[in-house]
Number of protein chains: 2
Amino acid sequence: MENVIVAVDAMGGDNAPVEIVKGAVLAVTENPKVTVKLVGIEGVINEELKKYEYDKERLIVVSASEVIETGEPPVNAIRKKKDSSIVVALNLVKNHEADAFVSAGSTGAVLVGGQLILGKIKGVERAPLAPLLPTEKGISLLIDCGANVDARSSHLVQFAKMGSIYMENVLGIKNPKVALLNIGAEEEKGNSLVKETYPLLKECSDINFIGNIEARYVPRGDADVIVTDAFAGNVVLKLYEGLAMTLLKKIKGAFMSSLKTKIGALLIKKSLKKTLASFSTEAHGGAPLLGLNGLVVKTHGSSKAIEIKNSIIQCLTFKEQNINGIIHDKFDLGKE
Amino acid sequence: MENVIVAVDAMGGDNAPVEIVKGAVLAVTENPKVTVKLVGIEGVINEELKKYEYDKERLIVVSASEVIETGEPPVNAIRKKKDSSIVVALNLVKNHEADAFVSAGSTGAVLVGGQLILGKIKGVERAPLAPLLPTEKGISLLIDCGANVDARSSHLVQFAKMGSIYMENVLGIKNPKVALLNIGAEEEKGNSLVKETYPLLKECSDINFIGNIEARYVPRGDADVIVTDAFAGNVVLKLYEGLAMTLLKKIKGAFMSSLKTKIGALLIKKSLKKTLASFSTEAHGGAPLLGLNGLVVKTHGSSKAIEIKNSIIQCLTFKEQNINGIIHDKFDLGKE
């Protein structure tokens, strides 16, 4: 089994640097095959690291003096802030001083930086961001949720193939079911993009295309890979988060409505918390940005140490399974 | 105050004719200003009506010998089945023998029938289907969820205006907040359709445009009118329904996990049920199909008698407030 070196953006996300540094410490402590390069403002990181005992050979601080904020226009930020944690960390991956990059920082900057600094695998038209969604049956990959709005059908076909490779090799799902997000089950339904994409997916012999999926059946887990353009993908991902939050608030309100319900709530609390934790979009580590010359994982802006740790350790499987190599073979040499 | 005559599709929906007929009886019983024309196979309807006592002058059966099934291609069905309940009922509206049409039947057939038989108000480019979504604050109008995929920016501007008129006049929300569904808050975010639409909405002096809304904040109720093309709108509506169902299943699972939780569940059950009922997408009657020469309301395929009753009574406000007249003035004579 190989080792993995992960460059981690110590300055990115709502809880940086505290939770990021903690997550990095947890990762190297839990898994001896993981080395972390914590990238960011040295003084700040070292101050945090003082709190912990850890293997200093496998947790190294790499200096980056600038920080890209969430609100900054991504292209400008990546071009101008050459010494930002995101740019420095991506350059570590580019120069083979790290195998992967994990960030909870600006999604736009990570997407743009990944494409500009690492570049796309030859043959890959667009690099999709692919988060995992919790479902009744387990998890599904939603591909794309990135910045690729106004996608073309050829992009969606590539997303389907990359998503299928990811679910099969990283998540271990044999022959993953691939479906196209649409407003009806029938082939002739939908907007011009999905109508154009459907027959192309049907022709793909290397994926298990099961047809259209309505948004209603996404939470039920009817498909392992849900193919969509980034606009609709973003709507699904954000609504998942927002609606779950609203429903929980409503449920809490019901629990507090009388003495009787308060007592009932006490009896249920623990079991309910456990159930709902398994259904959080944050429970399954970060979202890979697929199709790049190097591995990039974007975690939630609100990530805590556990998610950072999971995202770092996830990179080990990604490297071991040689996902980029498989995508490379399929899209460059193995082009159909 | 006026009276209203509502043509009801007795044959449409999963629970037809039983629940439809019951809903019609409830409507005329509850509100003396409502007259219902129940359209469908006479023998079947009369058999159901035998169960009830009702004012026979305000509940009239109109014969239609054919039924359009949910799976049928809508355009063909409307053209060929001239004696179907949908076509006959829409003709009642067209010929001013009814003020409105309510159906729980095939959405496609109702949309196509409405446009072909009633026609659009002059100046209206497309007729949007606009369901109400439950939110933390109350309800929001999601416009469009119909068949208008591949919408243009001018359509979205019209949807914004029609939605605003509806919320102000039917729901009584003063100066309703109108937002554009997008993948970020900033004006420059999104696909080409929303980027083109944003500045057009900003220029509209007759609506209260508050900018973009991310799907995450739809359930929180940040906007009264959510403007979107039918593809994304359908994704929002269907995911709302699917995710709520899945979360409830999960919660029920947590309730049943031990004796302790089962006891807790007993104490909470009633309060929770009440809370969640207020958050059902089915709790707020049907979705109007706006912009037509006549009022059409589409209710859920799974509608029970209560929803049918609510949808019928809703037509009274719609008529009293002269929504079609207002839309007509704005889009035809009052065109900007």
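Quick caveat: nothing in here was measured; it's all calculated off a predicted structure.

(A) Focus on the overall build of chain A. Across its full length, chain A carries 11 helices and 11 strands. The C-alpha radius of gyration computed for chain A amounts to 21 Å, which stays within 12% of the reference 20 Å derived for 336 residues, consistent with globular compactness. Its C-alpha atoms give chain A principal-axis dimensions of roughly 65 × 60 × 40 Å. Looking at chain A as a whole, 58% of its 336 residues qualify as buried. Residue pairs in contact within chain A that sit at least 24 positions apart in sequence constitute 72% of those at least 6 positions apart. Carbon and sulfur atoms make up 52% of the accessible area of chain A, which totals about 13,600 Å².

(B) Quick peek at the relation of the copies chain A and chain B. For the pair chain A and chain B, the superposition axis carries a translation of 0.0 Å, the fit reaches an RMSD of 0.0 Å, and the rotation angle comes to 180 degrees. Within this description, the copies of the chain are treated as partners about a two-fold rotation axis. Among all residues of chain A, the minimum C-alpha distance to the rotation axis is found for Gly264(A), at 1.8 Å. Mapped onto chain B, 100% of the interface residues of chain A are again interface residues, and the two copies thus contact each other with one and the same surface.

(C) Structural context of the sheet that holds strand S4 (residues 100–103) of chain A. Residues and elements named next belong to chain A. Read across the open sheet, the 6 strands follow the order S3-S2-S1-S4-S11-S10; overall the sheet is mixed. Looking along the sheet, the strands with just one partner apiece sit at the ends: strand S3 (59–63) and strand S10 (287–289). Each neighbouring strand pair of the sheet contributes to a mean axis angle of 25 degrees, computed without reference to strand direction. Note: strand S1 (residues 4–9) against strand S2 (residues 34–40), 6 bridges, orientation parallel. Bridge pairing in S2 links Asp9 to Val39. Of the strands in this sheet, S2 and S3 touch helix H2 (residues 42–49), which is tilted by about 160 degrees from S3.

(D) Expanded view of helix H1 (residues 18–30) of chain A. With 13 residues, H1(A) extends 18 Å between its outermost C-alpha atoms, agreeing within 8% with the 18 Å of an ideal straight helix rising 1.5 Å per residue. Looking only at H1(A), the buried set comprises Glu19(A), Ile20(A), Val21(A), Gly23(A), Ala24(A), Val25(A), Ala27(A) and Val28(A).

(E) Just the environment of Met11(B), in detail. Residues and elements named next belong to chain B. Take Met11: it is sitting in the loop between strand S1 (4–9) and helix H1 (18–30). Residue classification places Met11 among the buried residues on the basis of a relative accessible area of 17%. With 146 residues separating them in the primary sequence, Met11 and Val157 have C-alpha atoms 35 Å apart. When residues no more than four places from it in sequence are discounted, the contact partners of Met11 are Ala16, Val39, Gly40, Ile41, Val67 and Ser85.

(F) Here's a closer look at the nonpolar core. Ranked by size, the top nonpolar core spans 185 residues in total, and within it Leu38(A), Ile312(A), Leu38(B) and Ile312(B) carry the most contacts. Counting residues per element, this core draws most heavily on helix H8 (residues 230–255) of chain A, which supplies 14 residues. The residues contacting Leu38(A), other than those within four sequence positions of it, are Val8(A), Ala10(A), Ile20(A), Val21(A), Ala24(A), Ile45(A), Leu49(A), Leu59(A), Ile60(A), Val61(A) and Val62(A).

(G) The interface of chain A and chain B, seen in detail. In this assembly, 49 residues from chain A lie in contact with 49 residues from chain B. Summed over both sides, the interface between chain A and chain B buries roughly 4,900 Å², with carbon and sulfur atoms accounting for 73% of that surface. Counting across the chain A and chain B interface gives 6 salt bridges. A salt bridge links Glu241(A) to Arg216(B), with the nearest nitrogen and oxygen atoms 2.7 Å apart. Of all the elements in the fold, those that place two or more residues in the side of chain A that touches chain B are strand S7 (177–182), helix H7 (192–203), H8 and helix H9 (259–277) of chain A. It is H8(A) that contributes the most residues to the side of chain A that touches chain B, 19 residues altogether. Within the side of chain A that touches chain B, the residues separate by chemical class into 25 nonpolar, 14 polar and 10 charged.

(H) Main features of the sheet that holds strand S5 (residues 132–134) of chain A. Residue and element names in this part refer to chain A. Across the sheet, which stays open at both edges, the 5 strands sit in the order S5-S6-S9-S7-S8 with mixed pairing between neighbours. Single-partner strands in this sheet number two, and they are S5 and strand S8 (208–214). Taken pair by pair, the neighbouring strands of this sheet meet at an average axis angle of 30 degrees, ignoring direction. Sheet analysis places S7 next to S8, joined by 6 bridges and oriented parallel. Note that in S8 the partner of Asn182 across the bridge is Glu214.

(I) Structural context of the pattern of salt bridges. Residues and elements named next belong to chain A. Taken as a whole and judged by the stated rule, the model has 32 salt bridges over all chains. Note that Lys51 is salt-bridged to Glu48, the shortest N-O span being 2.9 Å. Through salt bridges with shared partners, a single network forms among Lys137, Arg220 and Asp222.

What counts, and where the lines are drawn
Residues numbered from 1 in each chain as written. Chains lettered and ligands numbered in written order. Predicted model: local features only at pLDDT ≥ 70, side-chain atom pairs only at ≥ 80, totals over all residues. Heavy atoms only, no water. Helix = DSSP H or I, 4+ residues; strand = E, 2+ residues; numbered from the N terminus. Rg over C-alpha atoms; globule rule 2.2 N^0.38 Å. Buried < 20%, exposed > 50% of the residue type's maximum accessible area, 1.4 Å probe, protein only. Contact = heavy atoms within 4.5 Å. Areas by Shrake-Rupley, 256 points an atom, 1.4 Å probe, with all protein chains shown as cover. Least-squares fit on C-alpha atoms with pLDDT ≥ 70 in both. Pairing = 2+ DSSP bridges. Axes fitted to C-alpha atoms, helices over the stretch in contact; angles between N-to-C directions. Expected span 1.5 Å × (residues − 1). Core = buried A, V, L, I, M, F, W, Y, C linked by side-chain atoms within 4.5 Å. Buried area = accessible area lost by both parts, 1.4 Å probe. Salt bridge = Lys/Arg side-chain N within 4 Å of Asp/Glu carboxyl O. Nonpolar A, V, L, I, M, F, W, Y, C, P; charged D, E, K, R; others polar.

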